[in-house]
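Listed below, chain by chain, are the residues.
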Amino acid sequence: MALIEELNQQGNFLFRWRSYIPGVILFLSLLYLPYVPYFQGNYESNLYWLSGAFLVSFAGLFVRCFTIGYTPKNTSGRNTKQQVADVVNQSGIYSLVRHPLYVGNFLMYLGPVFILRDFAFALVYIMFFYLYYERIIFAEEYFLRGKFAKGYLEWADKTPAFIPRLSGYKKPNLSFSFRNIWKREYPSLFGIIVVFTVFDLIQVYFQEPALRAVDITGIWKPFHTWFFGFGLVFYVLTRLIVKTTKLLEVEGR
């Protein structure tokens, strides 16, 4: 098999599992986390650091939401079985970068990595992400080039693949759809909330042994209650709406 076909085959395989394989980074982070002391040695300071890392992940979610808010149906989707594209998105954020959803994913996973405060681990994450998504991007662009030919190449020649340019923004062709974001990105928001709640609980468990020695529930702080509680209620209600109604359906999205 020629290398170009092999890379395409690998990319399509990783494409189907792109929502799960990066979880390896989260798993490795969890294994490392018990050895990470509180930032400045106390829970309050560590909570500030945790909040900063959360903002990094939330920035990634914002990029994804901004992207999806303007995209039409059968583009920028969560499809896993095969590549799907009715058009090549070239306006909005796609006028600045060819793969904005993957930029968002990078930031979303970078947040938990920041909690570890380890430069070497962050470099490992960046290298893993690069090698992993390089194959996926190759397969996607192989598909788009074959389907849209010259139209795709003209856009790709002037638009960077991953690091956004800072000029040349084109107004989106479609109006912004909050409902489309709500329908498609609620699992991402809940995932971020779960990850940061679990990471904080693990740090409390290993950094404050006196709490777990008396009662393991002592590590659960008011912060966890409202943070995780909000996420859980939001996720359950949204899932019910998506599965039982058409409230979040938007024509052409």
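What counts, and at which threshold
- Residues numbered from 1 in each chain as written.
- Predicted model: local features only at pLDDT ≥ 70, side-chain atom pairs only at ≥ 80, totals over all residues.
- Heavy atoms only, no water.
- Helix = DSSP H or I, 4+ residues; strand = E, 2+ residues; numbered from the N terminus.
- Buried < 20%, exposed > 50% of the residue type's maximum accessible area, 1.4 Å probe, protein only.
- Contact = heavy atoms within 4.5 Å.
- Areas by Shrake-Rupley, 256 points an atom, 1.4 Å probe, with all protein chains shown as cover.
- Lys, Arg positive; Asp, Glu negative; His and termini not counted.
- Charge placed at Lys NZ, Arg CZ, Asp CG, Glu CD.
- Expected span 1.5 Å × (residues − 1).
- Bend = angle between axes of the 7 residues up to and from the residue.
- Phe/Tyr/Trp six-rings, centres within 6.5 Å; stacked < 30°, edge-to-face > 60°.
- UniProt positions renumbered as here; feature names shortened; annotations may be inferred.
- Core = buried A, V, L, I, M, F, W, Y, C linked by side-chain atoms within 4.5 Å.
- Patch = residues over 30% accessible without salt bridge, like charges linked within 9 Å, V, L, I, M, F, W, Y side chains within 5 Å.
- Salt bridge = Lys/Arg side-chain N within 4 Å of Asp/Glu carboxyl O.
- Axes fitted to C-alpha atoms, helices over the stretch in contact; angles between N-to-C directions.
- Parallel < 35°, antiparallel > 145°, perpendicular 65-115°, else oblique.
- Nonpolar A, V, L, I, M, F, W, Y, C, P; charged D, E, K, R; others polar.

**Q** Describe the overall build of the chain, listing the residues and the values that go with them.
**A** The helix and strand inventory of the chain stands at nine helices and zero strands. Reading the chain from its N terminus to its C terminus gives the helix and strand order α-α-α-α-α-α-α-α-α. Along the first, second and third principal axes, the C-alpha set of the chain runs to 65 × 45 × 35 Å. Burial status across the chain gives 44% buried among its 253 residues. Taking contacts inside the chain between residues at least 6 apart in sequence as the whole, the part at least 24 apart equals 82%. Put simply, the chain shows about 14,000 Å² of open surface, and 67% of that area lies on carbon and sulfur atoms. In the chain, the 25 positive side-chain charges and the 16 negative ones have mean positions that sit 8 Å from each other.

**Q** Tell me about helix H7 (residues 178-207), and please be specific about residues and values.
**A** Taking 1.5 Å of rise per residue, the 30 residues of H7 would be expected to cover 44 Å, and the 41 Å separating its terminal C-alpha atoms lies within 8% of that figure. The largest bend in H7 comes to about 60°, at Glu185, with the proline Pro187 one to four residues further on.

**Q** Could you give an account of the packing of aromatic side chains, naming the residues involved and the relevant values?
**A** The full count for this structure, using the stated rule, is 27 aromatic pairs. Aromatic pair Tyr70 and Phe176: ring centres 5.2 Å apart, planes at 65°, arrangement edge-to-face. With a gap of 106 residues between them, Tyr70 in the loop between helix H3 (43-68) and helix H4 (100-115) and Phe176 in the loop between helix H6 (150-158) and H7 connect regions that are remote in the sequence. On the basis of relative accessible area, Tyr70 is assigned to the partly exposed category, the value being 23%. Here Phe129 and Phe162 contribute two aromatic rings whose centre-to-centre distance is 6.0 Å and whose plane-to-plane angle is 55°, an arrangement assigned as tilted. Here Phe129, found in helix H5 (residues 119-148), pairs with Phe162, found in the loop between H6 and H7; they are 33 residues apart in sequence, far enough to count as distant. With relative accessibility at 5%, the residue Phe129 sits in the buried group. Residue classification places Phe162 among the partly exposed residues on the basis of a relative accessible area of 26%.

**Q** Which residues make up the UniProt feature "transmembrane region" (unreviewed entry) in the chain, and what are the values?
**A** Look at the UniProt record and you will see "transmembrane region" (unreviewed entry) annotated at residues 17-35, 47-70, 106-133, 186-206 and 226-242. Taken end to end, residues 106-133 is 89% helix and 0% strand, and its first and last C-alpha atoms sit 10 Å apart. The distance from the first to the last C-alpha atom of residues 226-242 is 24 Å, and the span holds 100% helix and 0% strand.

**Q** Describe the nonpolar core, with residues and values.
**A** Nonpolar side chains tend toward joint burial in soluble globular proteins. Core analysis: the biggest nonpolar cluster contains 43 residues, and Leu33, Val113, Ile115, Tyr125, Ile136 and Phe196 have the highest contact counts within it. Those elements that provide at least two residues to this core are helix H1 (3-16), helix H2 (23-32), H3, H4, H5, H7 and helix H9 (222-244). With 10 residues, H7 is the largest single contributor of residues to this core. Sequence-distant contacts of Val113, defined by excluding residues within four places in its chain, comprise Ile25, Ser29, Phe121, Ala122 and Tyr125. Judged by nonpolar contacts, the second largest core, of 12 residues, contains Val63, Tyr94, Trp155 and Ala156.

**Q** Outline the environment of Arg64, listing residues and values.
**A** Residue position: Arg64 is located in helix H3. Here Arg64 falls in the buried class, since its relative accessible area comes to 8%.

**Q** So what about H9? Which residues, and what values?
**A** The end-to-end C-alpha separation of H9 is 33 Å, in line with the 33 Å expected for 23 residues at 1.5 Å each. Taken together, the buried positions of H9 are occupied by Phe223, His224, Phe227, Gly231, Thr238 and Ile241. Elements that come into contact with the buried residues of H9 comprise H3 and H7.

**Q** Give me a nonpolar patch on the surface: which residues, what numbers.
**A** Taken together, Leu232, Val233, Val236, Leu237 and Leu240 make up a surface patch of nonpolar side chains, about 420 Å² in accessible area. Positionally, Leu237 belongs in helix H9. By relative accessible area, Leu237 is classed as partly exposed at 49%.

**Q** Let's hear about the packing of H3 against H4: which residues, and what values?
**A** The interhelical angle for the contact between H3 and H4, taken along N-to-C directions, is 170°, at an axis separation of 8 Å. Taken together, the axes of H3 and H4 are roughly antiparallel relative to one another. When H3 is examined against H4, the residues Trp49, Leu50, Ala53, Val56, Ser57, Ala59, Gly60, Leu61, Val63, Arg64, Thr67 and Ile68 are found in contact with a partner set consisting of Pro100, Leu101, Gly104, Asn105, Leu107, Met108, Leu110, Gly111, Pro112, Phe114 and Ile115. For the contact of H3 with H4, the class distribution of residues is 16 nonpolar, six polar and one charged.

**Q** Can you explain the packing of H1 against H5? Please cite residues and give values.
**A** Between H1 and H5, the shortest axis-to-axis distance is 7 Å and the interhelical angle comes to 110°. The angle between H1 and H5 falls in the class roughly perpendicular. Packed against H1, whose contacting residues are Ile4, Glu5, Leu7, Asn8, Gln10, Gly11, Asn12, Leu14 and Phe15, the element H5 presents Tyr132, Arg135, Ile136, Phe138, Ala139, Glu140 and Tyr142 at the interface. Tallied by class, residues from the contact of H1 with H5 come to nine nonpolar, four polar and three charged.

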